[in-house]
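Survey of secondary and tertiary structure
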Number of protein chains: 2
Amino acid sequence: MTLTQSRRSGGRAARHALRSAPLAENVRPVRGGMTGGTLKALSDDEVLRIHKAALTVLDEIGLADAPPSGIEIMVNAGARLGDDGRLRFSPALVEDMLGKAARNITLYGREPAHDLNLSENRVHYGTAGAAVNMVDAEGRNYRHSTLQDLYDAARIADRLDNIHFLQRPMVARDLPDNLELDLNTLYACGTGTTKHIGTSITEPANAQACLDLAYAMAGGEDAFRARPFVSNSNCFVVPPLKFATESCQVMEACIRGGMPVLLLSAGMAGATAPATLAGAVVQAVAECLAGIVYVNAIQPGHPAIFGTWPFVVDLRTGAMSIGSGEQALLTAGCAQMHQFYGLPGGAAAGASDSKLPDMQAGWEQMCSNVMAGLSGLNMVYEAAGMHASLLGFCHESLILGDDIIGQALRCLKGIEVTDETLAIEAMREVCMGGPGHYLGVGETLARMETDYVYPFHGDRTSPKEWEENDKPDLIAGARARKEAILAMPCRAALNPALDREIRARFPIKL
Amino acid sequence: MTLTQSRRSGGRAARHALRSAPLAENVRPVRGGMTGGTLKALSDDEVLRIHKAALTVLDEIGLADAPPSGIEIMVNAGARLGDDGRLRFSPALVEDMLGKAARNITLYGREPAHDLNLSENRVHYGTAGAAVNMVDAEGRNYRHSTLQDLYDAARIADRLDNIHFLQRPMVARDLPDNLELDLNTLYACGTGTTKHIGTSITEPANAQACLDLAYAMAGGEDAFRARPFVSNSNCFVVPPLKFATESCQVMEACIRGGMPVLLLSAGMAGATAPATLAGAVVQAVAECLAGIVYVNAIQPGHPAIFGTWPFVVDLRTGAMSIGSGEQALLTAGCAQMHQFYGLPGGAAAGASDSKLPDMQAGWEQMCSNVMAGLSGLNMVYEAAGMHASLLGFCHESLILGDDIIGQALRCLKGIEVTDETLAIEAMREVCMGGPGHYLGVGETLARMETDYVYPFHGDRTSPKEWEENDKPDLIAGARARKEAILAMPCRAALNPALDREIRARFPIKL
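Think of each chain on its own: its residues are numbered from 1, step by step along the sequence as written. Chains and ligands are labelled by the order in which they are written, letters from A for the one and numbers from 1 for the other. Whole-chain, interface and lining totals are the exception, using all residues; otherwise, since this is a predicted model, local features are given only for residues with pLDDT of at least 70 and side-chain atom pairs are given and counted only at 80 or more. As a convention, hydrogens and water are excluded, and side-chain values are obtained from all of the structure's heavy atoms.

An unreviewed UniProt entry lists chain A under the name Methyltransferase, with Boseongicola aestuarii as the source organism. UniProt positions are given in the numbering used here, feature names are shortened, and annotations may be inferred rather than shown by experiment. As recorded by UniProt, the Sequence similarities (unreviewed entry) comment attached to chain A reads in full: "Belongs to the trimethylamine methyltransferase family."

Written out as structure tokens, the structure is:
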């Protein structure tokens, strides 16, 4: 460490020089795939108790309503079909299928720079959901969401460093036909960003067309199967402990078509799952373990994300309370279960119950986002832009969410402890005959790049500067950035020849 | 667990009946003094390395600028005074004084219901700071803070369940005379709330008068010494590694007067502390260990809070960034150091850089508040109402902060795992011949009281209900509550005879 005995103005000039150069990717202080895990909402013993309870649930209660194809697949694999129509799974069968399940998977982007490595406690944040409204933040209004809104969200997400994937966050309500909806959802997401995208095919009859479109966008089926840049979110269960027949049929088609699946169990603690947080986790784990049996009975090692997404309701009213502390704990606990199984996992965090991007939205979005990251959750779904307990999506909030997630990533990165960072020599130089402060110290300038995250919209000015800047409004700033992003060329557009070909084959409405 | 096979409407009626009864204190889902500790930003080895580095710093670099009285006290205890005027402390001396230091202390309220037990990882949230402005949230304006503002903050804090103590959060700028300021600060805090209060005496000459006022409010010196309801925040160091001469003299007077002290080390990482987070923690720990030597050399076992409050600056501008992820990590790391020493500890969290109670304020205030709680920090200072990097205090934000802290407390409470909460029997009953949902289940209703925190201002309505409610504004709601609280009688007023006596003896301006 070199002590530059510059005066403060010299330090300021140096800092200015440093920050005028954009940071290289490899020294950015935060990025997707950083490793969390310092938060353990559950003890090791509690994790084991939840696992054992889930095994008991699968062995003794099992799941109802599997489609005939699923019953055949799972019974052939060793599941027992009871007289009550429920499929039950022995602990041995579950353990056997866990042995076959895909681990350390990669979710591919259309561009390799956006590949997601879902191993260990690596954390990635992205959008998700099925909001049916767009939030007009400045007009304080809700309106139906459209295909254009979805495409704009994809284009915005493409420009935000801390949004690592784009699962479709809202439903294009201007497309009442389900096949057109499914195809255009895929097209809008996949041509708005080159990051990994997630979709959710609405019915089994649409699966092949969607696979065909994905193949076409990838340049052929082989190319897609080599680097599938789309995963499908399957709400394959209707909690408590029932398979969702149609969604299972979609899932079977996706597996055979080479598309990674998200095994999504979205029980509501207090309504469709036990009101106790532990019970809600047990049920979600049991359901996803059944999903692991299902997937690996079809295709051993097919990439599947263990999607325990327990939600929580406000027990006074029955309303969902996605922004609550209970929700943050459920998600944090689930992350530990994923790590216990060594499986790639995902859950929901970062959404708000507030209708607008206000202070409530800020505290709710940060609470679960930071706890999910600290817990080492591989895939943090719904992490930005979601309001009204998942009923509304807001572009300005998506943009501000990039700041929130950057901060959450900084927190999960933790405190680096080395001989150098302990800084004894720096203290000695500064205090014993040195300048008595660390402002111009070379180490300080170096740390500016590697240790500190700077918000894009978060305002750190003094009250005086803030007044001189005409008291900038956070939401107005996000809107201006949105307009600037949407005025830029779309980096994810397909090449024109391919795009023409796709438009000739599929009813693209964008 | 009993399964009530009621229809949903029956469950709703039961829920309504339950929530119409106020919760008894012993079943409230969250309260002050709950135990955190599931977040470990530092590994055990890292904690030890920081401790050893701090010992090296004290032994080799030491601290400058102790007052003559402090030099005498600490040299008599075994510290070495160097030719350079710095006091150095051997590891053996530090360990010896750690053996004498007070542990498991109680910070008393004027009412015993508000006593704070600072043992283990018990967490309490409260205000603190020295803001010089009041934030007019709806008018988007800053103005100088006054004694009335401070008194109002105390009265508001008295009515907020999740504000567990009131350290004076702002400076009464309408009192230019320091003695009047000190006396009226103490009076305004101590007659606005019966919770434990913290003050910060500005100069040594004022210490005895403040002690006399505290004794008078308590009903006599013996009564105060038995249950000191006031602690004094001592910025006893000017980092890096210098004693603050006058503040040390105040501290000596407080110790002799029976007032607990907060040993506050407030370095700024990147300016008055190393830019590395680990280095900033080392320096703060070293400074507070010097404080432990100082306090226990005067009065072994005198109650002192280990106040490592490292702050952080935005290295681009030199501005403080109290709302950053770096700040949350510093505070979380410090909580672990307090636990390593087994000492009562405090640090700063929950403040925002934003000028207004907007979305940025929400995400910043939650980030460090929840991480401080999860880390098991005994005293979370600055936890509500603080804006503009500690330069502004906002009553509406204080009120909304009660919701934020309630949620943070729910998070640190964690996930209860027992045979009952694992809920296997509930799943069996609900799924196998039962109603297929958990809405009317007796367990669900019971959990409503003990497991779930309900925000006062946080809005969970659907977009439709929200529109029907005329789209309520969060800040306007907080302002209405502020006005309602300030219209209530003050529960903390002294009895009239005592109050008259105090007003006769001291220049009370309120």
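1. Structural notes on the interface of chain A and chain B
Contacts are assigned to residue pairs with any non-hydrogen atoms lying within 4.5 Å of each other. Each partner contributes residues to the interface: chain A has 123 residues there, and chain B has 124 residues. Buried area: the accessible area, evaluated with a 1.4 Å probe, that two parts lose upon being put together, summed over both parts. At the boundary of chain A with chain B, total buried surface from both sides reaches about 10,100 Å², with 65% on carbon and sulfur atoms. Every case where a carboxyl oxygen of Asp or Glu lies within 4 Å of a side-chain nitrogen of Lys or Arg is listed as a salt bridge. Seen at the junction of chain A and chain B, the total is 14 salt bridges. The shortest N-O distance in the salt bridge between Asp473 of chain A and Arg140 of chain B comes to 3.5 Å. In the analysis that follows, any N or O atom pair within 3.5 Å is treated as a polar contact, provided that within protein one partner can donate a hydrogen and the other can accept it, and provided that, for residues neighboring in sequence, both atoms belong to side chains. The interface formed by chain A and chain B includes 35 residue pairs in polar contact (both at pLDDT 80 or more). If one sorts the elements of the side of chain A that touches chain B by residue count, helix 12 (residues 359–374) of chain A sits on top with 12 residues. In this count, Pro and Cys sit with the nonpolar residues alongside Ala, Val, Leu, Ile, Met, Phe, Trp and Tyr, while Asp, Glu, Lys and Arg are called charged and the others, Gly among them, polar. Considering only residue class, the side of chain A that touches chain B consists of 60 nonpolar, 33 polar and 30 charged. Going along the chain from the N terminus, every DSSP run of H or I of four or more residues is numbered as a helix, and every run of E of two or more is numbered as a strand.

2. Considerations on the packing of helix 10 (residues 277–298) of chain B against helix 11 (residues 325–341) of chain B
Residue and element names in this part refer to chain B. Helix 11 packs onto helix 10 with a crossing angle of 45° between their chain directions and a minimal axis gap of 10 Å. As judged from the angle between their axes, helix 10 and helix 11 are oblique. Of the two possible hands of crossing, helix 10 and helix 11 adopt the one that is right-handed. Side by side, helix 10 and helix 11 meet where Leu277, Ala280, Val281, Val285 and Leu289 of the first sit next to Glu326, Leu329, Leu330, Cys334, Met337 and Tyr341 of the second. The residue inventory of the contact of helix 10 with helix 11, partitioned by class, reads 10 nonpolar, no polar and 1 charged. A fitted line through C-alpha atoms represents every axis, and for helices the fit uses only the stretch in contact; the resulting angles, taken between N-to-C directions, go from 0 to 180 degrees. By the definition adopted for this analysis, an angle is roughly parallel if under 35 degrees, roughly antiparallel if over 145, roughly perpendicular if from 65 to 115, and oblique otherwise. Should the near helix be turned counterclockwise from the far one by less than a right angle, the crossing is left-handed, whereas a clockwise turn marks it as right-handed.

3. Observations regarding the relation of the copies chain A and chain B
Residues reaching a pLDDT of at least 70 in both copies supply the C-alpha atoms on which the copies are superposed by least squares. By a simple turn and slide, chain A fits onto chain B: the slide is 0.0 Å along the axis, the RMSD is 0.0 Å, and the turn is 180°. Both copies are brought into coincidence by an operation consistent with a two-fold rotation axis. A shared binding surface is used by both copies, with 100% of the interface residues of chain A retained as interface residues in chain B.

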